[in-house]
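# Fold and contact review
Residue-level listing of the chains:
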Amino acid sequence: MNIRLNDKVYDFLKWLCLIVLPACACLYMAVANIWHLGYIQEVVGTIEAIECFIGALIGLSDPNKNNK
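Residues numbered from 1 in each chain as written. Predicted model: local features only at pLDDT ≥ 70, side-chain atom pairs only at ≥ 80, totals over all residues. Heavy atoms only, no water.

Take the packing of aromatic side chains next. Summed over the entire model, instances satisfying the criterion amount to one aromatic pair. Here Phe-12 and Trp-15 contribute two aromatic rings whose centre-to-centre distance is 5.8 Å and whose plane-to-plane angle is 45°, an arrangement assigned as tilted. Taken as a pair, Phe-12 and Trp-15 lie in helix α1 (residues 7–35) at a separation of three residues, close to a single helical turn. Assessed through its relative accessible area of 44%, Phe-12 is described here as partly exposed. (Phe/Tyr/Trp six-rings, centres within 6.5 Å; stacked < 30°, edge-to-face > 60°. Helix = DSSP H or I, 4+ residues; strand = E, 2+ residues; numbered from the N terminus. Buried < 20%, exposed > 50% of the residue type's maximum accessible area, 1.4 Å probe, protein only.)

Here's what the structure looks like:
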């Protein structure tokens, strides 16, 4: 199965998945520990689940894959 994303959408999702979401998860984990905020595991787990989903979309849409 191969889906085709617009190049701008693909680049944005890749940037979001590889840089923004991991940074957000790390930031929340650090700040939540420092400030004793709640739901650390739930928030970080949700961010990572979203990251995984976007990563799967990127994998299905990779323009460098051979179309077989």
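On to helix α2 (residues 40–61), then. Across its 22 residues, α2 extends 32 Å between first and last C-alpha, which sits within 8% of the 32 Å expected from 1.5 Å per residue. Along α2, the positions that sit buried rather than exposed are Val-44, Ile-47, Ile-54, Ile-58 and Ser-61. Down the axis, α2 shows its buried residues gathered within 105° of arc, on one side only. Relative to its buried face, α2 has exposed residues pointing more than 90 degrees away, namely Gln-41, Cys-52 and Phe-53. (Expected span 1.5 Å × (residues − 1). Arc of directions from axis to C-beta.)

Attention now moves to the nonpolar core. Leu-5, Tyr-10, Leu-13, Leu-16, Cys-17, Leu-21, Ala-25, Val-44, Ile-47, Ile-54 and Ile-58 form the largest nonpolar core, which has 11 residues in total. Breaking this core down by element, the ones donating at least two residues are α1 and α2. Sort the elements by how many residues they give to this core and α1 lands first, with six residues. (Core = buried A, V, L, I, M, F, W, Y, C linked by side-chain atoms within 4.5 Å.)

This part takes up α1. Along its 29 residues, α1 runs 40 Å from first to last C-alpha, staying within 8% of the 42 Å computed at 1.5 Å per residue. Along its length, α1 reaches its greatest deviation from straightness, about 40°, at Leu-16. For α1, every residue scored as buried is listed here: Tyr-10, Leu-13, Leu-16, Cys-17, Leu-21, Ala-25 and Ala-32. On the buried face of α1, the contacting elements are α2. Near the N-terminus of α1, the side chain that reaches the backbone nitrogen of Lys-8, with its oxygen 2.7 Å away, is that of Asn-6. Just downstream of α1 lies His-36, where phi reads positive at about 55°. (Bend = angle between axes of the 7 residues up to and from the residue. Contact = heavy atoms within 4.5 Å. Polar contact = N/O pair within 3.5 Å; in protein donor to acceptor, adjacent residues only side chain to side chain.)

Geometric descriptors of this kind do not, in isolation, establish any biological role.
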